[in-house]
Every structure is written in structure tokens, then in C-alpha cells.
Amino acid sequence: MMVPLGLNMLQLALATNEGFAVRFESNPRLYHLVGSLPSDAQPYGREQLQTVVDAASAWGIQVVPELVISTNAGGWYNSGLLVHCARVLCEGSKRGGAGGMALDVTEGAVLPLLRSVIQEVRQIFFNNSGYLHLGSDERQDSLQCWNESGQKADYDGFEERLSYLLPGLYDPQHILR
């Protein structure tokens, strides 16, 4: 469907507010899905993702993996690193998602976890596109969560720390936010 329309880039959401659709070898506990999926839904594994990448490559399509990391971060629920905002979580779950959940970017354990996940994503997708989408474009969606928690969202400090983490993995010009 994409090729006849002249489309050559596919954004593939791996971690969103609704869950973590992949079971990473380095962090299998991250996988979970919420919402209206069948109870027998299974996570994508490395083999399935590689099949998608290989098929896309054969058609000249670049696959851009997306990991929503700082806002709308309900997918990171099993990491134990979300900002504590029960009211926002409950209100979001009534709408079939995880609300405007935020990954606690002030927590020291976030960067090592991100590095291991991003390394695994790179192994699967890098030869196809070299791009990575970190989904930080909806920051305002998580402000209600931060306000409820009483914590300050230091996204600028987080972005600076993240910039030291990514060299050697991705070209900074190929990281989308």
C-alpha cells in the first residue's frame, strides 16, 4: 500500500502510552499492553521485527522505531520508573489508555534502562533507516501527572543527559522527538 503512494518511511510504535509491544531480550519485563486488545495478544519478538524490517527494506521503505520515553509513557509501567500520579493513571484507564503518564526523567535508573533498550532497537532497525523517534513531542500531555506528583519535570536536564548516552548509537541528526 505504501509504495504505490510514494511513501518510503514507516514509523513503528514500540512503546507508547498503551503499552510496550515488544519483548526485549535485555528487558523482558517491560512488555505489557493495555486497552482493547485480545487477551491472547503476544508481544513482538526480535524475529518478527526483523521480518518487518526485511520486508520493508525489500520495498525501499525505511522503518523508524518509536519509543515514547518521557511523555505519554504508560508503556514503561513495568519499569517501575513512572512518576507517581494515580489519579491521572485512573482517568486515562477509563478512556482505554494510561493517561498522560510520565517516565520519571529525574530517576537515575532511567538512563541505563534506556541505553539497553535503545541498543537492542538499534541492532534490529539501524541498517534499515538509522533513525529513532523518542516521542518527546507531547511533553505537555504529562504535565498533569507531574503536577499531581508534586515533582518538577526537568526535561531539559534529561535531554542533556540523554545527549551523552546516544553518541555511538545514533547520529543526533537522526533522532526525532
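In what follows, the accompanying structure is described. (Residues numbered from 1 in each chain as written. Predicted model: local features only at pLDDT ≥ 70, side-chain atom pairs only at ≥ 80, totals over all residues. Heavy atoms only, no water.)

### Some points on the packing of helix α1 (residues 46-58) against helix α3 (residues 110-125)
For any two helices packed against each other, one specifies the inter-axial angle together with the distance between the axes.
Point 1. Remark: α1 packs on α3, axes separated minimally by 9 Å, with the N-to-C direction vectors making an angle of 45°. In terms of orientation, α1 and α3 fall into the oblique class. Between α1, through Arg46, Leu49, Gln50 and Val53, and α3, the contact on the second element is made entirely by Glu120, Gln123, Ile124 and Phe125. (Axes fitted to C-alpha atoms, helices over the stretch in contact; angles between N-to-C directions. Helix = DSSP H or I, 4+ residues; strand = E, 2+ residues; numbered from the N terminus. Parallel < 35°, antiparallel > 145°, perpendicular 65-115°, else oblique. Contact = heavy atoms within 4.5 Å.)

### Brief notes about the packing of aromatic side chains
Point 1. Counted under the stated rule, the structure contains 4 aromatic pairs.
Point 2. Here the aromatic rings of Phe20 and Phe24 are separated by 5.7 Å at their centres, their planes lie at 80°, and the arrangement is edge-to-face. Assigned by exposure class, Phe20 and Phe24 land together as buried.
Point 3. Considering the side-chain rings of Phe126 and Tyr170, the 5.6 Å spacing of their centres and the 75° angle between planes classify their relative orientation as edge-to-face. Note that Phe126 is positioned in the loop between α3 and β5 (132-133) and Tyr170 in the loop between α5 (155-165) and β6 (175-176), a separation of 44 residues in sequence.
Point 4. The class for Tyr170 is buried, based on a relative accessible area of 3%.
Point 5. Taken together, Phe20, Phe24 and Trp76 form an aromatic cluster joined through their ring pairs.
Point 6. Across from the ring centre of Phe126, 3.9 Å away, lies the NZ or CZ of Arg122, which sits over that ring. (Phe/Tyr/Trp six-rings, centres within 6.5 Å; stacked < 30°, edge-to-face > 60°. Buried < 20%, exposed > 50% of the residue type's maximum accessible area, 1.4 Å probe, protein only. Lys NZ or Arg CZ within 6 Å of the ring centre and 35° of its normal.)

### Section: the environment of Gly19
Point 1. Secondary-structure assignment places Gly19 in strand β2 (residues 19-20).
Point 2. For Gly19, a relative accessible area of 4% corresponds to the buried category.
Point 3. A C-alpha to C-alpha distance of 13 Å links Gly19 and Leu82, two positions 63 residues apart in sequence.

### Notes on the pattern of salt bridges
Point 1. Overall, the coordinates contain 1 salt bridge when judged by the stated rule.
Point 2. Where Glu148 meets Arg87, a salt bridge forms, and the shortest distance between an N and an O atom there is 3.9 Å. A residue pair is termed long-range when its members are at least 10 positions apart, and Glu148 in helix α4 (residues 143-149) and Arg87 in helix α2 (residues 86-94) qualify at 61 residues. (Salt bridge = Lys/Arg side-chain N within 4 Å of Asp/Glu carboxyl O.)

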